Amino acid sequence: MNSAWSATPLDIYEAHVNLPQVGQAAAIRASLADAAARYQPASFLYLGCAGGNGLDSFPPSVRVEAVDLNAGYLDSARSRFPHLDLRLHVADLNQGLPGFAPVDFAFAALLLEYINPLEPLLTSLRTRAAHFRVLLLGTNSGAPAVVDSPYREALLPVGAEFRYLDPEAFLSLSSSCGWLLTSSSQSPLPAGKHFTTIDLESSV
C-alpha cells in the first residue's frame, strides 16, 4: 500500500493530535498508562507506534515490539526512549504482521481505521498476543466530521485514507476471528468526538 503516512512529517501529526481541541494524544497516553497498570505485560506490541506516544508508561524490563509504516517515526521513538528494549519493525499492516515473538499485550489506536480488510490482521494477531486493546475513533451526531486545526491541510492526504469503524461491527468481526470481549467503554474527546475502548482476549 502506497500510504500518505510515508510522507507525513511526524511533527505535523503530533502537533495536531496534541491540540487541546483534538485531545487524542492525551487520551492515548492515558489509555496506555491504564493498560500498563492493568496487564503489567512483560512484552508489548505497539501497532502504529509513530513517535512512541505513551511508552513512558512501560519500564525498561518490558520488551516492546514497535510497528509502523514510517521508518522515520520509529527512529524518533528510539531516540526518545533509549532506555527501553525497543524492537523496531517497518511494516505495512495491510500486508500482514512482521515477525516477532508472541507478546502479552497489544495496542492499536487510530490505526485499524486504515487497515482493509481487517480479518487477516485480527486472525494473525490472535496467535501472537494474549490481550489486545483497541481505540476506535467516533464522531457524535451533529459534530463536525473534521476538527478545525492549523494542520488540517497538511493532513488531508492521510485523512483521505481514514474510514470510521463501527464498534459493534468490529466486535462481531473480532469474535469471528477468535477474540473474546473482556470490556468496552466510551470516553469523550473534544469537538464532539469520542474513543471507544475495546479490550479483547485471545481464545488461543
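Rules used in this analysis
- Residues numbered from 1 in each chain as written.
- Predicted model: local features only at pLDDT ≥ 70, side-chain atom pairs only at ≥ 80, totals over all residues.
- Heavy atoms only, no water.
- Helix = DSSP H or I, 4+ residues; strand = E, 2+ residues; numbered from the N terminus.
- Rg over C-alpha atoms; globule rule 2.2 N^0.38 Å.
- Buried < 20%, exposed > 50% of the residue type's maximum accessible area, 1.4 Å probe, protein only.
- Pairing = 2+ DSSP bridges.
- Right-handed = clockwise from strand over helix to strand, strands pointing away.
- Expected span 1.5 Å × (residues − 1).
- Arc of directions from axis to C-beta.
- Contact = heavy atoms within 4.5 Å.
- Axes fitted to C-alpha atoms, helices over the stretch in contact; angles between N-to-C directions.

A closer look at the overall build of the protein chain
Part 1 of the reasoning: The secondary structure content of the protein chain amounts to 6 helices and 7 strands.
Part 2 of the reasoning: Along its sequence from the N terminus, the protein chain presents helices and strands in the succession α-α-β-β-α-β-β-α-β-α-α-β-β.
Part 3 of the reasoning: For 204 residues, the compact-globule formula gives about 17 Å, and the C-alpha radius of gyration of the protein chain, at 16 Å, lands near that figure.
Part 4 of the reasoning: Principal axes of the C-alpha set define a box for the protein chain whose edges measure 40 × 40 × 35 Å.
Part 5 of the reasoning: Within the span of the protein chain, comprising 204 residues, buried residues form 50% of the whole.

Structural notes on the pairing of strand β2 (residues 63-68)
Part 1 of the reasoning: Of all 6 residues in β2, 6 are buried, a share of seventy percent or more.
Part 2 of the reasoning: Relative to β2, strand β1 (residues 43-47) is paired through 5 bridges, and the arrangement is parallel. Residue pairing across strands places L47 opposite V67, the latter belonging to β2.
Part 3 of the reasoning: In terms of strand pairing, β2 meets strand β3 (residues 85-90) through 6 bridges, oriented parallel. Directly across from V67, in β3, lies its bridge partner H89.
Part 4 of the reasoning: As a crossover connection, the stretch from β2 through helix α3 (residues 71-80) into β3 is right-handed.

Points about helix α2 (residues 24-39)
Part 1 of the reasoning: Here α2 contains 16 residues, and its C-alpha end-to-end distance of 22 Å stays within 8% of the 22 Å for a straight helix at 1.5 Å per residue.
Part 2 of the reasoning: Among all positions of α2, only Q24, A25, I28, S31, L32, A35, A36 and Y39 are buried. With its buried residues spanning 135° around the axis, α2 presents them on a single face.
Part 3 of the reasoning: Looking at the buried side of α2, the elements it contacts are α1 (10-17), β1, β4 (103-109), β5 (129-139), β6 (179-188) and β7 (193-202).
Part 4 of the reasoning: Downstream of α2 by one or two residues, Q40 has phi in the positive range, about 45°.

Some details on unusual backbone geometry
Part 1 of the reasoning: Look at the link from N116 to P117: it is a cis peptide, with omega at 5°.
Part 2 of the reasoning: Within the secondary structure layout, P117 lies in the loop between β4 and α4 (119-126).
Part 3 of the reasoning: A positive phi angle, close to 50°, is found at A50, a residue other than glycine.
Part 4 of the reasoning: Inspection of the secondary structure puts A50 in the loop between β1 and β2.
Part 5 of the reasoning: The buried category is assigned to A50, whose relative accessible area is 10%.
Part 6 of the reasoning: The residue L110 is not glycine, and still its phi comes out positive at about 55°.
Part 7 of the reasoning: Considering the arrangement of structural elements, one finds L110 in the loop between β4 and α4.

Focus on the sheet that holds β6
Part 1 of the reasoning: Reading across from one edge, β3-β2-β1-β4-β5-β7-β6 is the order of the 7 strands in this open sheet, with mixed pairing throughout. Of all strands in the sheet, those with a lone pairing partner are β3 and β6, marking the two edges. Taken pair by pair, the neighbouring strands of this sheet meet at an average axis angle of 15°, ignoring direction.
Part 2 of the reasoning: Sitting on the sheet, helix α6 (residues 167-176) touches β5, β6 and β7, and the angle it makes with β7 is about 10°.

Considerations on α1
Part 1 of the reasoning: Among the residues making up α1, those that are buried are L10, Y13, E14, H16 and V17. Buried residues of α1 fall within an arc of 160° about the axis and therefore sit on the same side.

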